[in-house]
Amino acid sequence: MNLKNKTNQSYTMEAAPFASGGEGEIFKIKGRSDICVKKFSSYKKERISKLELLIENRPHHHTNFAWPLEIIYGGNNSAVGYTMPLVTGYYSLGELSKFGVGKKYENELAIFSRSTKKG
């Protein structure tokens, strides 16, 4: 499947996903070893707003997060997912929370929390 970003850069995804989650599937991009695509299983307008916030507030000093880089679009120019770094040897956010990592970065991550004044 061919997808593109808002500047019309084209990405060709591998045929089968290498991972999946609650929001969709993750595909490698042909010819790229640094980024991958998370393709949504369904479109939700509020998800796009959340992505725009995440992209604008990317933690530049933490390079090992699979953080959204850019929104990608399908053939009808609707948002279908996003690109993110292809990270290996990782822990999920759920696993990190068990280790107490959230406390260490609590102030930086407050902007994304719905239970704070910043979020």
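A brief structural summary. Since we're looking at a predicted model, the values are computed, not measured. (Residues numbered from 1 in each chain as written. Predicted model: local features only at pLDDT ≥ 70, side-chain atom pairs only at ≥ 80, totals over all residues. Heavy atoms only, no water.)

### Things to note about the packing of aromatic side chains
Okay, step 1: As enumerated under the stated definition, the model contains 1 aromatic pair in all.
Okay, step 2: Just above the ring of Phe18 sits the side chain of Lys28; from NZ or CZ to the centre is 5.7 Å.
Okay, step 3: Here the basic side chain of Arg47 rests over the ring of Phe40, its NZ or CZ set 4.6 Å away from the ring centre. (Phe/Tyr/Trp six-rings, centres within 6.5 Å; stacked < 30°, edge-to-face > 60°. Lys NZ or Arg CZ within 6 Å of the ring centre and 35° of its normal.)

### Quick word on the pattern of salt bridges
Okay, step 1: Inspection of every chain in the model, using the stated rule, returns 3 salt bridges.
Okay, step 2: Between Arg32 and Asp34 there is a salt bridge whose closest N-O contact spans 2.8 Å.
Okay, step 3: Judged by its relative accessible area of 32%, Arg32 is partly exposed.
Okay, step 4: When its relative accessible area of 41% is taken as the criterion, Asp34 is described as partly exposed. (Salt bridge = Lys/Arg side-chain N within 4 Å of Asp/Glu carboxyl O. Buried < 20%, exposed > 50% of the residue type's maximum accessible area, 1.4 Å probe, protein only.)

### Side note on the side chain of Asn5
Okay, step 1: Mapped onto the fold, Asn5 is located in the loop between strand S1 (2-4) and strand S2 (10-12).
Okay, step 2: Separated by 2.9 Å, the side chains of Asn5 and Glu70 make a polar contact.
Okay, step 3: Those residues in contact with Asn5 that lie beyond four places of it in its chain are Tyr11, Glu70, Ile71 and Tyr73. (Helix = DSSP H or I, 4+ residues; strand = E, 2+ residues; numbered from the N terminus. Polar contact = N/O pair within 3.5 Å; in protein donor to acceptor, adjacent residues only side chain to side chain. Contact = heavy atoms within 4.5 Å.)

Geometric descriptors of this kind do not, in isolation, establish any biological role.
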